[in-house]
Amino acid sequence: MAQQQTAPSPAELEFGGPLGTAALLLLLPLTLFHLLLTCHSGPCSLLSLPPELPPLSAFWSSGALLLLLFWLGFQATLYLLPMGQVTEGRMLRDKSHLQYPLNGFRCLGLTALLVGLGLAGGLPLGNLSEMLLPLASAATVTAFFLSLFLYLKSFTVPPSALAPGGNSGNPVYDFFLGRELNPRFGSFDLKYFCELRPGLMGWALINLALLLREAERQRGWPSLAMGLVSAFQFIYVADALWYEEAVLTTIDIIHDGFGFMLAFGDLVWVPFIYSLQAQFLLNHPQALDLPVAGAICLLKVIGYVIFRGANSQKNTFRRNPSDPSVAGLETIPTATGRHLLVSGWWGLVRHPNYLGDLIMALAWSLPCGVTHLLPYFYFFYFVILLVHREYRDERQCLQKYGLAWREYCRRVPYRIVPYIY
Ligand SMILES: NC(=O)C1=CN([C@@H]2O[C@H](COP(=O)(O)OP(=O)(O)OC[C@H]3O[C@@H](n4cnc5c(N)ncnc54)[C@H](OP(=O)(O)O)[C@@H]3O)[C@@H](O)[C@H]2O)C=CC1
Ligand SMILES: CC(C)=CCC[C@@H](C)[C@H]1CC=C2C3=C(CC[C@@]21C)[C@@]1(C)CC[C@H](O)C(C)(C)[C@@H]1CC3
């Protein structure tokens, strides 16, 4: 029988409960526009207001909205193309499994091909770099309406389809966290689509537009710093789509509902905030020595090896514990029948994937030099996000695994950084 979903108690509410989430609903878009404006201002000071505000008309254009809707429709069409394998997600509370298409990397290839053809035919992609403000407004409005739709839709599904944490009964809190775990139209999974497709590829496309604009300005090649930032971030996007299946064991898919936090995160925050380093470099060029560039590349490789190794190890183990690559690892049994890895990457710290991700985040910012704080915004935000995420995950794992989780914490005492945290 389907297990009934009970509302979380006030003590279990996350992000500061209704007040905290109401504040985030306002603060996230305000931070976004503050950063976009600051990045294009001369002083580019993270801690003061941009010297002059553009007219209100600079924040909105119907062309930008149409372009965004076209992009969403285009990516949705690619998602639906019957290419590649289909995989099964984790067992749900009603004991069923959802099916997910694994065609993300092919969609990236097709997108790259079409963009390449467009560029060869004279597509002025660099112009996108002057449309970021109205595009970000259009994406924010779209994310807001999508979240409203998702919130209303969640009242039409059975309790077993709700996320563990998003049905407190408080409309603001539930709107922010998302009530339904896997909202779908037939086989079209809205959360899985948004998590990996339009935002991530949009981020890579914005970076490319900024790089092209910089190259045009320099009448030839982009700077080394811009080249490194774009290449590092493109690798991150391509990696996420190549290992698409691994997203099915992340907190976003297995625990969090689909609400404003993820809709805004996926469609707005990722493309417009994660491209801040490239935006900064277009407006504030930086010279980079080859040895420094080499050291930054090494940092990126170290981060990537840890990030990918840890995520793939956990994903393989969760999907098939007898896979030869993980079968020899030491584990702790839990009362749920699932085991916890206690050696390999997951025996180093309790969140080795966060460690790798943070190292990469630093490598993305360093090419921007050390004269400004703004390119490091992503790194500081990411430290806060991952520390908070780790805390949320610990709480959930303690609930899920009880004594076995305590034993894991005893055997692996550090959370993210060995011997430090
Ligand atoms: N770039 C960005 O903005 C962001 C990137 N990320 C990245 O996304 C990736 C996924 O992160 P996230 O979803 O937060 O968390 P994880 O992928 O680490 O998933 C956490 C889950 O993994 C399982 N788990 C934890 N410890 C063990 C263990 N020892 N053995 C086996 N399973 C274990 C538990 O679930 P269960 O036991 O139920 O399987 C736990 O709930 C990370 O690399 C992170 O850095 C995350 C947020 C933002
Ligand atoms: C408060 C606030 C701004 C919340 C939004 C957070 C979101 C931006 C992130 C939550 C988890 C994410 C993940 C990725 C992107 C950022 C968000 C949506 C991810 C898709 C990036 C690529 C990785 O390889 C990944 C697939 C592991 C990762 C999954 C989590």
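Model, not experiment: these values are computed from the prediction.

Near ligand 2, the surroundings consist of 16 residues, among which E195, A240, D252, D266 and F307 are the closest. Surface burial for ligand 2 is 89%, taken as the share of its 630 Å² of free accessible area covered by protein chains. A total of 5 residues in the shell around ligand 2 trace back to one element, the largest contributor, which is helix α10 (residues 260-273). Looking at the shell around ligand 2 residue by residue, the classes come out as 11 nonpolar, 1 polar and 4 charged. Looking at which domains feed residues into the shell around ligand 2, each of domain 1 (19-40 + 61-88 + 99-287) and domain 2 (288-421) supplies at least three.

Let us now look at the domain arrangement of the protein. Assigned domains of the protein: these are domain 1 (19-40 + 61-88 + 99-287) and domain 2 (288-421). Taken over C-alpha atoms, the centre of domain 1 sits 23 Å from the centre of domain 2. Taken together, the contact pairs 35 residues of domain 1 with 35 residues of domain 2. With both sides pooled, the region where domain 1 packs onto domain 2 buries about 3100 Å², and carbon together with sulfur makes up 64% of that total. Of all residues in domain 1, F232, Y236 and Q277 bury the most surface against domain 2, accounting for 20% of the area lost on that side. Run the count over domain 1 and domain 2 and you get 4 salt bridges. Here R389 and D252 are joined by a salt bridge, their closest N and O atoms 2.5 Å apart. For the pair domain 1 and domain 2, the number of links is 15 residue pairs in polar contact (both at pLDDT 80 or more). Per-class residue counts for the side of domain 1 that touches domain 2 are 22 nonpolar, 8 polar and 5 charged.

Our focus in this paragraph is a nonpolar patch on the surface. Together, W60, V141, F144, F145, L148 and L152 make up an exposed nonpolar region whose accessible area comes to about 560 Å². When you line up the elements, F145 lands in helix α4 (residues 132-153). Judged by relative accessible area, F145 falls into the exposed class, the value being 53%.

Attention shifts here to helix α15 (residues 403-411). Turning to α15, its buried residues number three or more, namely A404, W405, Y408 and C409. Projection of α15 onto a plane perpendicular to its axis shows the buried side chains occupying an angular sector of 140 degrees, all on one side. Of the exposed residues in α15, those oriented more than 90 degrees away from the buried face are L403, R406 and R410. As for α15, its buried residues are in contact with β5 (331-333), β6 (339-341) and α14 (377-401).

The UniProt entry lists residues 57-81, 102-125, 131-152, 220-238, 258-276, 288-307 and 358-387 under the feature "transmembrane region" (unreviewed entry), expressed in the numbering used here. End C-alpha to end C-alpha, residues 57-81 measures 38 Å, and it is 76% helix and 0% strand. Between the C-alpha atoms that bound residues 358-387 the distance is 11 Å, and the span itself is 63% helix and 0% strand.

Next up on the list: the site of ligand 1. Taken together, the neighbourhood of ligand 1 is formed by 28 residues, with Y274, K314, Y354, R389 and Y401 sitting nearest. Here a nitrogen atom of ligand 1 sits 2.8 Å away from a polar atom, N or O, in the side chain of Y236. Contacts to ligand 1 include Y408, whose side-chain N or O atom sits 3.1 Å from a nitrogen atom. Across the complex, the protein chains shield 94% of the 910 Å² of accessible surface that ligand 1 would expose by itself. Contributing elements (two or more residues each) for the shell around ligand 1: α12 (290-319), β6, α13 (352-365), α14 and α15. By residue number, the principal contributor to the shell around ligand 1 is α14, which donates 8 residues. Class assignment of the residues belonging to the shell around ligand 1 gives a composition of 15 nonpolar, 5 polar and 8 charged.

Position of S275 relative to the elements: it lies in the loop between α10 and α11 (276-283). A relative accessible area of 0% means that S275 is categorised as buried. At 2.7 Å, the side chain of S275 and the backbone oxygen of P271 are in polar contact. A distance of 3.0 Å separates the side chain of S275 from the side chain of Q279, its partner in a polar contact. S275 has contacts with W203, I206, N207, L210 and V270, leaving out every residue within four places of it along the chain.

Across the interface, helix α8 (residues 224-242) lies against α12 with an axial gap of 11 Å and an inter-helix angle of 10 degrees. In terms of their interaxial angle, α8 and α12 are classed as roughly parallel. For the pair α8 and α12, contact is made by L224, L228, F232, Y236 and D239 and by L290, A293, I296, C297, K300, Y304, F307 and R308, respectively. Residue composition of the contact of α8 with α12, grouped by class: 10 nonpolar, no polar and 3 charged.

Thresholds applied
- Residues numbered from 1 in each chain as written.
- Chains lettered and ligands numbered in written order.
- Predicted model: local features only at pLDDT ≥ 70, side-chain atom pairs only at ≥ 80, totals over all residues.
- Heavy atoms only, no water.
- Near = heavy atom within 4 Å.
- Areas by Shrake-Rupley, 256 points an atom, 1.4 Å probe, with all protein chains shown as cover.
- Helix = DSSP H or I, 4+ residues; strand = E, 2+ residues; numbered from the N terminus.
- Nonpolar A, V, L, I, M, F, W, Y, C, P; charged D, E, K, R; others polar.
- Domains from an automatic or database assignment.
- Contact = heavy atoms within 4.5 Å.
- Buried area = accessible area lost by both parts, 1.4 Å probe.
- Salt bridge = Lys/Arg side-chain N within 4 Å of Asp/Glu carboxyl O.
- Polar contact = N/O pair within 3.5 Å; in protein donor to acceptor, adjacent residues only side chain to side chain.
- Patch = residues over 30% accessible without salt bridge, like charges linked within 9 Å, V, L, I, M, F, W, Y side chains within 5 Å.
- Buried < 20%, exposed > 50% of the residue type's maximum accessible area, 1.4 Å probe, protein only.
- Arc of directions from axis to C-beta.
- UniProt positions renumbered as here; feature names shortened; annotations may be inferred.
- Axes fitted to C-alpha atoms, helices over the stretch in contact; angles between N-to-C directions.
- Parallel < 35°, antiparallel > 145°, perpendicular 65-115°, else oblique.

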